Amino acid sequence: MPKYIQSQTRKMLTAYGGVGSILETSKGALIVEEFDKWKFFADGSRIFDQDEFIIEDNRLLKRLQVHFKQLQKFVRVPTNIANPYIQNDSVPLETKRIASAKYFPEWMYCPNCERFRNIKDWWRGWHQTLQKLNEPNAGEKFIKPKCYHCFEEAKAKNKKKKYYELEQVRFIMTAPNGAIRDLPWENWNRAEKNVKEEDADGGNIRIDWAEKCCDNQDLRYLRSETFADLAGIRVKCMNKGCKANGREVTLAGLFGLRIGKDKEKQFKPVIRTSNSVYYPLCINSIYLPKKNQEIKQDDKATIRNLLASGVSKEIIYTTFQNRYDKQTIDDFCDERDEATFEAEIQYRLKEYKFILEHPNYKEEQNSNLTYENQLIDILSEYGISTLIKVKRLKLTTVQTAFTRQEPFDKDLFIREGDNQTPVKIKYTSSQAVNTNYLLATESFGEGIFIDLDKTKVDEWFYKHYHNTPAFRERIDILQERISLSEIIQKNKFLDNRHLTKFVLVHTLSHLLVKELEFLCGYAATSLNERLFVDSDNMQGLLLYTVAGSEGSYGGIITQSDPTSFKKILESALFRSNDCASDPVCYHSDGQGIGGMNLAACYSCSLLPETSCEEFNSFLDRALLIDKDFGFFT
């Protein structure tokens, strides 16, 4: 029963959506399948290979080829709309530009009669009922899924309302290896609770897997009007011959259920909209003008074939003289462009250096990068050495994989994969590391680039790390937790100075985003950060918004005027002194994922997941505002 459901393209590749994610749509919750199963890719005409769908970013392509050895191209997520000439929205305008998703969770209940079944059983009953009643278009009428029992009863009694849409359960199960499943609802009414841990697979609930309560289950999903918690939801079988004898089992204690003893494969319940259900591994790249020409992937393949056939370089020069210069071809033929591992910090250093070494830059040919340096006289007292109004930038985003329950470090993923970690990677293609393609998006936007004074930052660090015990203790706590973490690359931070600078810049980035929201009205979800921090060279950040978001048409860059920015900075620092959760937040010894935050919570420093590069980790406003060791005090 395939059905077209219109959704926004950005939901197919963002910091919170993509392959493997659960999309909440008007027709129900759907889970996106691997992209090579999409009709867009599976179609024999290979429309995804057409130039309009290819995104050129050879700098990023070369970096990812370290992990994806067969990677050839980035493919743009296809755009599509419902056919405007057909009354409903069930037919797309472009029938081949379609992604693929399926209903999940698959267990649904009728809010009218409370029947509770898997979607396959709902569909079977719906199809048979409509056949019996000689109703046409069963598949068309089923989406959004509907209760066939209530439909048949309404038809028999000639009721005005005939369609009762089903509701999907809110609870699912995920495992560290990336697997996802429904809860064992068919066994729930025989569950035993508060059992000893050695008697269960894990947790304090034991499920009888040997058999169901009966062969002809007729489950109900009963919701209490008195109790709003899980104790108010019960599962019961109404079959008269059921061995459970109408036993009702509440969902109280649901989150204590564990399935499986292997920690890497052990399922645990979560709410389907929880952030822990989906952590995409998205790699971003800012467009940089090329000093030397880059050879396209198709041309690389042609040159390799010519060399393998014994064709001389002179003939190759002649063949490609209108595309590449001699040095570019020589470099490729000498295999100087072979992919080698490049850490995220080194990749961003190239972007950082370009911005600082080319003031007031404007690309003439494509206008993919344009910015203006601002005067910083009135900002130097705050330790700011550079303020840049970025009028236009191009950002390429590639989704490589995703994890569940815990996020995964990008460098660790590219270099080593998940061989040494309990959290396992799920790839966006069924071909895994052998895929020839990866999904990508190309965004254009604007922003503000801020660079702190390196000398002042270093003086601040050495002064307090060696002389202020409270300062050093905060850094040592975070460093110890990183060393114990199984999902963060151990050398993510080169030393304590690198870690300290990162927390400083990252927290400043969050405070500025929140202040732009408070003072200027920009939604935090429309702003993004890109951090440029290492131990020796970088201490900068880029706040940007992409086309289509609030502030992407000149709004945010008007705030890069030195006077306006000073007002925003001062207000952000002032506001950070007053968190609604203080003093608990300020004196916290660990918050967030793995306790990687100190004085930082949603009331003062945390942002929506879509805006933060580090999943809201490595934040501590005390490093900015503490009266004894704060950078801005």
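Residues numbered from 1 in each chain as written. Predicted model: local features only at pLDDT ≥ 70, side-chain atom pairs only at ≥ 80, totals over all residues. Heavy atoms only, no water.

**Examining the overall build of the protein chain**
Helices and strands together make up the secondary structure of the protein chain, namely 16 helices and 23 strands. Its C-alpha atoms give the protein chain a radius of gyration of 28 Å, near enough to 26 Å, the size a compact globule of 633 residues would have. The principal-axis extent of the C-alpha atoms belonging to the protein chain is close to 80 × 70 × 45 Å. Looking at the protein chain residue by residue over its 633 residues, the buried ones come to 55%. In the protein chain, the share of contacts with a sequence separation of at least 24, taken over all contacts with a separation of at least 6, comes to 66%. In the structure as shown, the protein chain presents an accessible area of about 29300 Å², 46% of it carried by carbon and sulfur atoms. (Helix = DSSP H or I, 4+ residues; strand = E, 2+ residues; numbered from the N terminus. Rg over C-alpha atoms; globule rule 2.2 N^0.38 Å. Buried < 20%, exposed > 50% of the residue type's maximum accessible area, 1.4 Å probe, protein only. Contact = heavy atoms within 4.5 Å. Areas by Shrake-Rupley, 256 points an atom, 1.4 Å probe, with all protein chains shown as cover.)

**Details of the sheet that holds strand β1 (residues 22-25)**
If you trace the three strands from one edge of the open sheet to the other, you get β1-β2-β5, paired in antiparallel fashion. Since the sheet does not close on itself, it has two edges, and those belong to β1 and β5 (101-103), each with one partner. Strand-to-strand twist in this sheet, taken as the mean axis angle between neighbours without regard to direction, amounts to 35°. (Pairing = 2+ DSSP bridges. Axes fitted to C-alpha atoms, helices over the stretch in contact; angles between N-to-C directions.)

**Considerations on the sheet that holds strand β6 (residues 107-109)**
Spatially, the three strands line up as an open sheet ordered β7-β6-β8, and their pairing is antiparallel. Looking at which strands have only one partner, the edges of the open sheet turn out to be β7 (116-118) and β8 (167-168). Note that β6 and β7 share three bridges and pair antiparallel. The partner of Trp107 across the bridge, within β7, is Asn118. Docked against the sheet, helix α3 (residues 119-132) engages β6 and β7, running at close to 95° with respect to β7.

**Concerning unusual backbone geometry**
Residue Ile143 is joined to Lys144 through a cis peptide bond whose omega torsion reads -5°. Relative to the elements of secondary structure, Lys144 occurs in the loop between α4 (138-142) and α5 (148-156). Look at the link from Asp582 to Pro583: it is a cis peptide, with omega at 5°. Take Pro583: it is sitting in the loop between α15 (562-576) and α16 (622-625). Even without being glycine, Asn360 reaches a positive phi, approximately 50°.

**A closer look at the pattern of salt bridges**
Going through the model one piece at a time under the given rule, you end up with 40 salt bridges. In this structure, Lys73 and Asp298 form a salt bridge, with 3.3 Å as the shortest nitrogen-oxygen distance. Of this pair, Lys73 sits in strand β4 (residues 73-76) while Asp298 sits in helix α7 (residues 297-308), and the two are 225 residues apart along the sequence. Take Asp298: its relative accessible area is 46%, and that puts it in the partly exposed class. Among the salt bridges present, the one from Lys236 reaches Glu248, with a minimum N-O distance of 3.6 Å. On the criterion of sequence distance, the pair formed by Lys236 in strand β14 (residues 233-237) and Glu248 in strand β15 (residues 248-250) is long-range, its members being 12 residues apart. One continuous salt-bridge network, built from bridges that share partners, spans Arg63, Glu344, Arg348, Asp411 and Glu613. (Salt bridge = Lys/Arg side-chain N within 4 Å of Asp/Glu carboxyl O.)

**Remarks on the pairing of strand β17 (residues 279-286)**
Counting buried positions along β17 gives eight out of eight residues, so the element sits mostly inside the fold. Of the two faces of β17, the one lined by Tyr279, Leu281, Ile283 and Ser285 and the one lined by Pro280, Cys282, Asn284 and Ile286 are each fully buried. Two strands pair when backbone bridges link them, and β17 and strand β19 (residues 384-403) are joined in this way by eight bridges, in the antiparallel orientation. When the sheet's bridge partners are listed, Cys282 is paired in β19 with Gln399.

**Focus on the nonpolar core**
Generally speaking, a soluble globular protein has its nonpolar side chains buried in company with each other. Core analysis: the biggest nonpolar cluster contains 78 residues, and Leu64, Phe74, Phe413, Leu512, Phe618 and Leu624 have the highest contact counts within it. Broken down by element, this core gets its largest block of residues, 10 residues, from helix α14 (residues 496-520). For Leu512, the contacting residues outside a window of four places in its chain are Ile450, Leu543, Phe565, Ile568, Leu569 and Ala572. Core analysis: the next-biggest nonpolar cluster, separate from the first, contains 29 residues, Trp107, Val169, Trp185 and Cys214 among them. (Core = buried A, V, L, I, M, F, W, Y, C linked by side-chain atoms within 4.5 Å.)

**Regarding the packing of aromatic side chains**
Applying the stated criterion across every chain yields a total of 39 aromatic pairs. Aromatic pair Phe461 and Tyr465: ring centres 5.1 Å apart, planes at 20°, arrangement stacked. In this pair, Phe461 and Tyr465 both sit in helix α12 (residues 454-467), four residues apart, roughly one turn of the helix. For Tyr465, a relative accessible area of 9% gives the class buried. (Phe/Tyr/Trp six-rings, centres within 6.5 Å; stacked < 30°, edge-to-face > 60°.)

**What about the packing of α12 against α14?**
Axis separation between α12 and α14 bottoms out at 11 Å; the angle between their running directions is 115°. The interaxial crossing formed by α12 with α14 has right-handed handedness. Touching Val457, Asp458, Trp460, Phe461, Tyr462 and Tyr465 of α12 are Asn496, Arg497, Thr500, Lys501 and Leu504, all from α14. Looking at the contact of α12 with α14 residue by residue, the class counts come to six nonpolar, two polar and three charged. (Left-handed = near helix turned anticlockwise from the far one by under 90°. Nonpolar A, V, L, I, M, F, W, Y, C, P; charged D, E, K, R; others polar.)

**Let's talk about the pairing of strand β22 (residues 528-533)**
Within β22, six of the six residues are buried, which leaves the element mostly enclosed by the surrounding structure. Alternating residues of β22 divide into Asn528, Arg530 and Phe532 and Glu529, Leu531 and Val533, and every residue in both groups is buried. Bridge analysis of β22 against strand β23 (residues 539-546) gives six bridges, and the strand direction is antiparallel. When the sheet's bridge partners are listed, Arg530 is paired in β23 with Leu542. Where β22 folds back onto β23 in an antiparallel hairpin, the turn is made up of five residues.

**Considerations on the packing of helix α13 (residues 469-484) against α14**
Contact geometry for α13 and α14: axes closest at 10 Å, N-to-C directions at 100°. What the angle tells us is that α13 and α14 run roughly perpendicular. Residue-level contacts link Phe471, Ile475, Asp476, Leu478, Gln479 and Ile482 of α13 to Asn496, Leu499, Thr500 and Val503 of α14. In terms of residue class, the contact of α13 with α14 is built from six nonpolar, three polar and one charged. (Parallel < 35°, antiparallel > 145°, perpendicular 65-115°, else oblique.)

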